[in-house]
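# Chains, contacts and geometry: an overview
Single-letter residue listing:
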Amino acid sequence: MLSATVAVLSLAGCGDQATLPVSAGTGPNPTLPEPNSSLIPTVNIADAIGWPQGAQPAAAQGLSVTPFATGLDHPRWLLALPNGDILVAETNAPPKPEDGKGIKGWVMGLVMGKAGAKTPSADRITLLRDTDGDGKADVREPFLQGLYSPFGMALVGNDLYIANTDAVVKVPYKEGDTKITAKPVKVVDLPAGPINHHWTKNIIASRDGGKLYATVGSNSNVGENGMEAEQGRAAIWEIDLKTGAHRIFASGLRNPNGMDWNPVTGELWTSVNERDEIGSDLVPDYMTSVKDGGFYGWPYSYYGQHVDQRVEPQRPDLVAKAIPPDYALGPHTASLGFTFSHQGELPPNLQQGAFIGQHGSWNREPASGYKVIFVPFQNGKPAGDPVDVLAGFLDKDGKAQGRPVGVTLDNKGALLVADDVGNAVWRVSGSNAAQSAERPAERPDQPSQ
């Protein structure tokens, strides 16, 4: 173990350094320098240490952050139910015996362990309930157990859908339930297997409740495991809930994660993690509207039609179709959580736009991400620079006290953030939220119940 740690620490000094600020790789027209490939990639991962007693993230001016729940087991994703209950997926990667082979796989295994991402998966969804309205969960129940690396969740009518790493399943749900003992029923298989490189699968229901959309990340960085290992991956699936039939809705998305419906245009939007190992300044993660049948470049090109020369064979026919994303979120920020805002307990300047949970970089020097940001929108499109909403996840020594993942809004319009290193869910509201609206804010994008 000591020699492994020394190896990781020695690698941390290898690779390149960023020559541009994160802001240069952010916005509708990011700066994209020449690729900088190296034999040994930049490895700069923050040690996962957790929060000291009484410590918490720092909220932006005019905001207040409080612990909604603590002492969780690697909380990654959140779902707000109509009655105000919050479901949290306590989860981690499944066994992936073919994903850690070779020197690079060995190094990445060490890196993930250093980042706190190698703990066994609890395979559980936990219910959190705030019965007295003080912004803290006073009821915590193991809602659904025995899952398989669960991640995304969606409620449609009286059915709760869960995206395990290998399948979408469903269970019956009745409002107010604190525990479900019914055996999950499979709806559709999802790509998994012994590599299963990007294991997290997210789902969202269509507004009419007839379909699910599921994210399936790639099985590699840039197709190095062969394109036969990428069947059905690097894509968003559309699943018909009546028949279980599915199709690829959009492709060429290396690792899509968060999804939400644009409240103005009705479009599906997603946050996407782009490729690594061509320099600290490339490639920006991004958020984008998702076009039916659209191709977004992976692995052959990035940010539209910028060809990745590492990929063989090349596919100029596909590159010519690659759609540029709408908005860059900075290189290597690991932008995972994504949700549109609405009226409620947040200030007016945070009520039209999108919140993004940035889990934080491993392939950039200096580090990027490790915060929650807000991108303002106007007329359904990004309109301005991002604003830091929640920061302080790295301490003064660059160690990770927490790492934000999923983000959602509760039924009062406050922001909830899952923190998988701090093992907490944080609640962010306006400083004067106690005097704000008493009735729940209505979300325009809930599927029919």
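Just so it is clear, the model here is predicted, and its values are computed rather than measured.

How each quantity is defined
Counting from 1, residues in each chain are numbered in the order their sequence is written. Thresholds applied to this predicted model are a pLDDT of at least 70 for local features of residues and 80 or more for the giving and counting of side-chain atom pairs; totals over whole chains, interfaces and linings are not thresholded and use all residues. Just so you know, side-chain values use all the structure's heavy atoms and leave hydrogens and water out. What counts as a helix is a DSSP run of H or I of at least four residues, what counts as a strand is a run of E of at least two, and both are numbered from the N terminus. The classification of residues rests on relative accessible area computed with a 1.4 Å probe and restricted to protein chains. Under 20% of the type maximum is buried, over 50% is exposed, and intermediate values are partly exposed. A pair of strands is treated as paired once DSSP finds two or more bridges between them. A fitted line through C-alpha atoms represents every axis, and for helices the fit uses only the stretch in contact; the resulting angles, taken between N-to-C directions, go from 0 to 180 degrees. Contacts described as polar in this section are N or O atom pairs within 3.5 Å, which, within protein, must combine one atom able to donate a hydrogen with one able to accept it, while residues neighboring in sequence count only if both atoms come from side chains. In what follows, residue pairs with any heavy atoms lying within 4.5 Å of each other are defined as contacts. Values of pLDDT, ranging from 0 to 100, describe the predictor's confidence in every residue of the model. We define a salt bridge as a side-chain nitrogen of Lys or Arg found within 4 Å of a carboxyl oxygen belonging to Asp or Glu.

Each neighbour pair has its own omega, and for Leu282 with Val283 the value is -5°, a cis peptide bond. Along the chain, the position of Val283 falls in the loop between strand S17 (268–273) and strand S18 (284–289). At Asp123, a position not held by glycine, the phi torsion is positive, near 55°. Here Asp123 shows up in the loop between helix H2 (102–114) and strand S6 (124–129). At Ser149, a position not held by glycine, the phi torsion is positive, near 45°. For Ser149, the position within the fold is in the loop between strand S7 (139–144) and strand S8 (153–156). Under the relative-accessibility criterion, Ser149 is labelled buried at 1%.

So, about the sheet that holds strand S11 (residues 185–189). Taken in spatial order, the 4 strands line up as S8-S9-S10-S11 in an open sheet, and their pairing is antiparallel. Among the strands making up the open sheet, the edge pair consists of S8 and S11. For this sheet the average axis-to-axis angle between neighbouring strands, irrespective of direction, equals 25°. Sheet topology note: the strand S10 (residues 167–172)/S11 ladder contains 4 bridges and is antiparallel.

Moving on: the pairing of strand S22 (residues 335–340). Along S22, 6 of the 6 residues are buried, which leaves the element largely enclosed by surrounding structure. Direction of pairing for S22 relative to strand S23 (residues 353–358): antiparallel, over a ladder of 5 bridges. Looking across to S23, one finds that Phe340 is bridged to Ala354.

Here we take up the sheet that holds strand S12 (residues 203–205). Spatially, S12-S13-S14-S15 is the arrangement adopted by the 4 strands of the open sheet, whose pairing is antiparallel. Strands at the two margins of the open sheet, each flanked by one partner only, are S12 and strand S15 (246–251). Neighbour-to-neighbour, the strand axes of this sheet turn through a mean angle of 25°, independent of strand direction. Bridging between strand S14 (residues 235–240) and S15 involves 5 bridges; their strand directions are antiparallel. Paired with Ile239 across the strands is His246, a residue of S15.

Another point: the side chain of Asn44. By the element assignment, Asn44 lies in the loop between strand S1 (26–27) and strand S2 (58–59). Within the structure, Asn44 has its side chain in polar contact with the backbone oxygen of Arg364 (distance 2.9 Å). Once residues lying within four places of it in the same chain are set aside, the contact partners of Asn44 are Ser361, Trp362, Arg364, Glu365, Pro366 and Ala367.

Here we take up the confidence of the model for the protein. For the protein, per-residue confidence averages 92 on the pLDDT scale, and residues scoring 70 or more make up 89% of the total. The model gives residues 434–446 a pLDDT under 50, and that stretch makes 18 contacts with residues more than four places away or in other chains.

Summed over the entire model, instances satisfying the criterion amount to 19 salt bridges. For Arg247, the salt bridge is made with Asp292, and the minimal N-O distance between the two is 2.9 Å. Separated by 45 residues along the polypeptide, Arg247 in strand S15 and Asp292 in the loop between S18 and strand S19 (301–302) bring together distant segments of the chain. Between Asp397 and Lys396 there is a salt bridge; the shortest N-O distance is 3.5 Å. Pair check on accessibility: Asp397 and Lys396 agree, each one exposed. Beyond isolated ion pairs, a larger network of salt bridges with shared partners links Glu274, Arg275, Asp308 and Arg310.

On to the environment of Glu98. By the secondary structure assignment, Glu98 is in the loop between strand S5 (86–90) and H2. In this structure the C-alpha to C-alpha distance between Glu98 and Pro194, which are 96 residues apart in sequence, comes to 5.2 Å. Those residues in contact with Glu98 that lie beyond four places of it in its chain are Pro194 and Ile195.

The next point concerns the pairing of S6. Sheet topology note: the S5/S6 ladder contains 5 bridges and is antiparallel. Note on S6: the bridge partner recorded for Glu90 is Arg124. Bridge analysis of S6 against S7 gives 5 bridges, and the strand direction is antiparallel. Across the sheet, residue Ile125 finds its bridge partner in S7, namely Leu144.

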